[in-house]
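Fold and geometry: a report
One-letter residues, chain by chain:
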Amino acid sequence: MDHATDQVLAESVAWHAGESLRRLQSWAIHHGVGSGKLKDDGDRTSQEFIAAVLGRLRPGDDILSEEGLDSRDRLSARRVWIIDPLDGTREFSEGRPDWAVHVALWEDGALAAGAVALPSAGRVIGACIKQVDFAPPENQKLRIAVSRSRAPEVAERVAGELNAELVPMGSAGFKTWAVVDGQVDAYLHAGGQYEWDSAAPVFAAQSAGLHASRIDGSALTYNEPVPYLPDLLICRVADSPLLLGAIKNATVNCTESTKTSAERTLP
Ligand SMILES: Nc1ncnc2c1ncn2[C@@H]1O[C@H](COP(=O)(O)O)[C@@H](OP(=O)(O)O)[C@H]1O
Ligand SMILES: [Mg+2]
């Protein structure tokens, strides 16, 4: 299968899943559906839709999904779709716009396709997005997107060292889009996340010419036995030495772990 065809599929399935979720969210708000039910319905229906499409169009591929059962089979597979049917679930269930759908393809050791659908912005970011070549206005503080509900301690320290502004938002995909779109200069996360939270955003960011790595500067790797990938930095390549240096200073005595957890075991 050629990667251009896989990329079209990733963008299309993410877009359609996102549009269904957007309609579900509007309907639920209009009818006063509780946030718990909206969250469960969103996760379930998006998972079912994406799994059905990939199962029909790519029957030989494996799937690693936040909402699906994991299996050891994917460790010997050549191609694994890594999906988060609804990222920013909390924000979705609160009726907010900062959520996304992530669909990525890992093939032979690397990300080969990926798409992040952003229904509130009417956008999908993937392989065909414009390269990010802008510089921030002079004398403007660096703006760093962080989790709205779990802003990491390291980000607060980095902001202190660089006199940067932290911008809280939901969803890894939404924050990545904010960097690609120039609304912020970086997205910094630590303290916990899984492969499905970052695979599609990282593919889209790298396609746009951005830096994406672990917060110690090492490469992000996918389809690992334990899909725990707790931290992430996305920013312009030119800003990466400054940010990685500040993160290094900030992680001394920081309580957040950047080590891979071995807590999840495969059946
Ligand atoms: N400390 C942590 N441990 C595990 N997952 C985390 C985490 N912090 C953030 N995440 C996950 O990363 C995604 C983006 O988080 P945030 O919106 O806080 O930036 C969310 O995915 P889901 O919404 O798919 O669960 C969230 O659950
Ligand atoms: Mg997620």
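Residues numbered from 1 in each chain as written. Chains lettered and ligands numbered in written order. Predicted model: local features only at pLDDT ≥ 70, side-chain atom pairs only at ≥ 80, totals over all residues.

**Some thoughts on the site of ligand 1**
Counted only if it meets this: Any residue whose C-beta atom, as placed from the backbone, lies within 6 Å of a molecule or strand is termed near it. Asp, Glu, Lys and Arg are counted as charged, while Ala, Val, Leu, Ile, Met, Phe, Trp, Tyr, Cys and Pro are counted as nonpolar; the rest, among them Gly, fall into the polar class. Domain segmentation is taken from an automatic or database assignment of domains.
Taken together, 15 residues lie near ligand 1, and Thr89, Ser147, Gly170, Gly192 and Asp197 sit nearest. Of the residues contributing to the shell around ligand 1, the split by class is one nonpolar, nine polar and five charged. Counting residues domain by domain, the shell around ligand 1 receives three or more from each of domain 1 (3–125) and domain 2 (143–251).

**Section: the packing of helix H5 (residues 172–180) against helix H6 (residues 195–207)**
Convention followed: Lines fitted to the C-alpha atoms define the axes, with helices restricted to the stretch that makes contact. Angles between their N-to-C directions range from 0 to 180 degrees. The way it works is that DSSP assigns letters per residue, a run of H or I at least four long becomes a helix, a run of E at least two long becomes a strand, and they are numbered from the N terminus. In this scheme, roughly parallel covers angles under 35 degrees and roughly antiparallel covers those over 145, while 65 to 115 is roughly perpendicular and the rest are oblique. In this scheme the handedness of a crossing depends on how the near helix is turned from the far one: anticlockwise by less than a right angle means left-handed, clockwise means right-handed. Contacts are defined on C-beta atoms placed from the backbone: any two residues whose C-beta positions lie within 7 Å are in contact.
Between H5 and H6, whose axes approach to 9 Å, the crossing angle comes to 15 degrees. As the angle between them shows, H5 and H6 are arranged roughly parallel. As H5 packs across H6, the resulting crossing turns out to be right-handed. Contacts from Ala172, Gly173, Thr176, Val179 and Val180 in H5 reach Asp197, Ser198, Ala200, Pro201, Ala204 and Ala205 in H6. Taken together, the residues that form the contact of H5 with H6 break down as seven nonpolar, three polar and one charged.

**Some details on helix H7 (residues 240–251)**
Think of an α-helix as turning once every 3.6 residues; residues three or four places apart then point the same way. For clarity, the cut-off: The length a helix should cover is 1.5 Å for every residue beyond the first. With C-beta atoms placed from the backbone, a residue is buried if 20 or more other C-beta atoms are within 10 Å of its own, exposed if 12 or fewer are, and partly exposed between those counts. It is the directions from the helix axis to the C-beta atoms whose arc is reported.
Taking 1.5 Å per residue as the helical rise, H7 with its twelve residues ought to reach 16 Å, and the 16 Å between its terminal C-alpha atoms agrees with that figure. Every buried residue of H7 is listed here: Leu243, Ala246, Ile247, Ala250 and Thr251. Down the axis, H7 shows its buried residues gathered within 130 degrees of arc, on one side only. Turned more than 90 degrees away from the buried face of H7 sit Pro241 and Asn249, all of them exposed. Those residues of H7 hidden inside the fold are in contact with helix H4 (153–162), strand E8 (186–189) and strand E10 (232–235).

**As for the pairing of strand E1 (residues 62–65)**
Heads up, the rule is: Here, any two strands with at least 2 DSSP bridges between them count as paired.
Side chains of E1 alternate between two faces, with Asp62 and Leu64 and Ile63 and Ser65 buried alike. Pairing of E1 with strand E2 (residues 79–87) involves four bridges; the strand directions are parallel. Bridging from a neighbouring strand, aspartate 62 pairs with valine 80 of E2.

**With respect to H4**
Taken together, the buried positions of H4 are Val154, Ala155, Val158 and Ala159. When H4 is viewed along its axis, its buried side chains cluster within an angular range of 140 degrees and face the same direction. Packing partners of the buried residues in H4 comprise strand E6 (143–147), strand E7 (165–169), E8 and H7. Backbone geometry just after H4 places asparagine 163 at a positive phi near 55 degrees.

**Let's talk about the domain arrangement of the protein chain**
Here the domain parsing of the protein chain yields domain 1 (3–125) and domain 2 (143–251). Here domain 1 and domain 2 have C-alpha centroids that lie 21 Å from each other. Taken together, the 30 residues of domain 1 in the interface contact 24 residues of domain 2. For the side of domain 1 that touches domain 2, the elements supplying multiple residues, two or more each, are E1, E2, helix H3 (89–93), strand E3 (100–107), strand E4 (110–118) and strand E5 (123–125). Of the residues belonging to the side of domain 1 that touches domain 2, the class tally is 17 nonpolar, four polar and nine charged.

**Examining the pairing of E8**
One face of the sheet, then the other: side chains in a regular strand alternate in exactly this way. Neither face of E8 is open: one carries Ala186 and Leu188, the other Tyr187 and His189, and all of them are buried. Relative to E8, E6 is paired through two bridges, and the arrangement is parallel. In the strand pairing of E8, alanine 145 is matched with tyrosine 187. Across four bridges, E8 lies against E10 in antiparallel orientation. Bridged to alanine 186 within E10 is cysteine 235.

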